[in-house]
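# Chains, contacts and geometry: an overview
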Amino acid sequence: MWQPRTARPAARTLQEAVWRVAGLLRCARNDAGRRLVSSCAALTAAFSLTFAAAAAPAGEPTLQSAAASTGRYFGAALDPDHFDEKAYAKLATEQLGAVTPENAMKWDAVEPRRGDFDWDRADRLVAFARARGQKIRGHNLVWHSQLPAWLTRGPFAPAEVRELMTDHIAREAGRYRGAIYAWDVVNEPFTDDGRWRQSIWYDAMGADYVAIALRAARAADPDAKLYINDYNVETESPKMRALYDLAAALKRAGAPIDGVGLQAHFVAGHIPSDLRAVMQKFAALGVDVAITELDVRVRTPPDAKSLAVQAADYAAVVAACRAVKRCVGVTTWGITDDYSWIPSFFAGYGAALPFDEDYRPKPAYFAAVRAWTAP
Ligand code: XIL
C-alpha cells in the first residue's frame, strides 16, 4: 500500500529527531506487516514515551474528554491486530470513549467457512474496549459487502437466506449481548440514487429484510441501540431521503430502530452545509443520530493549507453534532493516518484522520477539541 509522507523540515529539536528516527523504524513494521522485525519492535517500544508525549499534548483535553464535556462520546474504528503496538494502543486508550471494529465483526471475518466461526479478533476488540470502559459500536450485522464466498455463492432459496441472516444476527449479537452500546444492524441499504441496493438480502426478502434484521437484533441483545448506517446521506439527496423515508416507515410500523448512522467519509473542503439540518431531520423522527465513520481526505501529500481546511472541516462536523440534541457522538474511521482505508480506496487521497502517521496530533485534532469545548 502506498504510504503518504509529509515532507518534513530538517529536525530542529531533539524530539523532532527522535520522531523521525521512530518514523523510519515504523517503515520496517509497515513493510513487514505482522512479521515484525524484533529489533525494530524493541526500538519502537523504546520510543513509545516520545510517541505518548506526542499523542496527548500536556494540558490539552483528549478527544473523548472534550466530547464528554457535552455528554457525547468520541470514538474510532480500530483493528485489534495493532493492539500490541504500544503507540497505537496508548492513543486508543487515551483519546477514545468508544470503539468500532473496522473489520473484525464483519461476516467474512467471523464465519469464513460455513459453521466455522472465528471470534478471535472480535473478542479481542471487545475485551480491549471493556477493559477501558469504552463503548462499543458493533459493525455490522447485515451488509452486501465483505460476505464470505460460501454465502454469496450459495445458491440459497429465499427462505434459507432469511434464516441465514437471522441465525447470524442471533449468533453474533447474542455472543456480545450486554457488551455492545450500538449495533449497525443494516449497513448501506441504498444506492446513491436512492434505490434499494441489490444484495443477497434484498433479493431474497425485499425491503422487509431491514425490519426482520432489526427484530432479530433486538431479540438477541435487547439493550443495544439498533442503527441503520449509510454514506452519502449527510446532505439532502435522493439517498438521504430514501433513508429518511425508511426510518420513518420503520418507526410507524413499530420496528425496533433506535438510531441512524451517518458515515461521513468526506473530502476536505466539501462538508455539506446542511449536515446539522439533516441530522436534526433524522432526529425529529425520534431516533438518535451519530457520525459513525468520519474521515476527511486530502490530496496527498498533505500540506499546511490542506490540513488547515481539514481542521476546519473536523470542527464543522463536531459543531453540527453538538447542535443536535440527539447526536450521541462522533466516530472516526481509524485514528492515525498510519492505518486508514483511504489511500487504498481513493487514489491520490489520504491523511484523513486527526493523528498523523507518527501518531502526532494534527490541526484537525486541535480543531476538534476546540469545537467540543468552545463555549
Ligand atoms: C472498510 C475498511 O476500512 C477496510 O479495511 C475494508 O477493506 C473495507 O471496508 N463503509 C463501511 C466500512 O461501513 O465497513 C468500510 O470499512 C468503509 C465504508
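Read on for an overview of the structure. (Residues numbered from 1 in each chain as written. Predicted model: local features only at pLDDT ≥ 70, side-chain atom pairs only at ≥ 80, totals over all residues. Heavy atoms only, no water.)

## Details of the site of the ligand
If you check the shell around the ligand, you find 14 residues, and the closest are Glu 102, Lys 106, His 139, Glu 293 and Trp 333. Glu 102 is positioned such that a nitrogen or oxygen atom in its side chain is 2.5 Å from an oxygen atom of the ligand. Contact with the protein chains hides 83% of the accessible area of the ligand, taken as 420 Å² for the molecule alone. (Near = heavy atom within 4 Å. Polar contact = N/O pair within 3.5 Å; in protein donor to acceptor, adjacent residues only side chain to side chain. Areas by Shrake-Rupley, 256 points an atom, 1.4 Å probe, with all protein chains shown as cover.)

## Examining the pairing of strand E6 (residues 259–262)
Here E6 shows no split at all, with Gly 259 and Gly 261 on one side and Val 260 and Leu 262 on the other all buried. A crossover links strand E5 (residues 225–230) with its parallel partner E6, the connecting element being helix H12 (residues 238–253), and its sense is right-handed. Where E6 meets strand E8 (residues 288–299), four bridges bridge the pair, whose relative direction is parallel. Residue pairing across strands places Gly 259 opposite Asp 288, the latter belonging to E8. (Buried < 20%, exposed > 50% of the residue type's maximum accessible area, 1.4 Å probe, protein only. Helix = DSSP H or I, 4+ residues; strand = E, 2+ residues; numbered from the N terminus. Right-handed = clockwise from strand over helix to strand, strands pointing away. Pairing = 2+ DSSP bridges.)

## A look at the packing of helix H13 (residues 275–283) against helix H14 (residues 304–322)
Two elements in contact, H13 and H14, have axes whose closest approach is 9 Å; the angle formed by their N-to-C orientations is 30°. Between H13 and H14, the angle is such that the two are roughly parallel. Relative to H14, H13 is oriented so that their crossing is right-handed. Residues Leu 275, Arg 276 and Met 279 of H13 form the contact with H14, whose participating residues are Val 317, Ala 320 and Cys 321. Taken together, the residues that form the contact of H13 with H14 break down as five nonpolar, no polar and one charged. (Axes fitted to C-alpha atoms, helices over the stretch in contact; angles between N-to-C directions. Parallel < 35°, antiparallel > 145°, perpendicular 65-115°, else oblique. Left-handed = near helix turned anticlockwise from the far one by under 90°. Contact = heavy atoms within 4.5 Å. Nonpolar A, V, L, I, M, F, W, Y, C, P; charged D, E, K, R; others polar.)

## Describing the pairing of strand E2 (residues 98–101)
The two faces of E2 match: Ala 98 and Thr 100 on one face and Val 99 and Pro 101 on the other face are all buried. Pairing geometry for strand E1 (residues 73–78) and E2, over four bridges, is parallel. Each bridged residue has a counterpart across the sheet, and for Gly 75 the counterpart in E2 is Ala 98. Each parallel crossover has a hand, and the one from E1 via helix H5 (residues 86–95) to E2 is right-handed. One ladder, built from two bridges, connects E2 with strand E3 (residues 135–142); its direction is parallel. Of the residues in E3, the one forming a bridge with Ala 98 is Lys 135.

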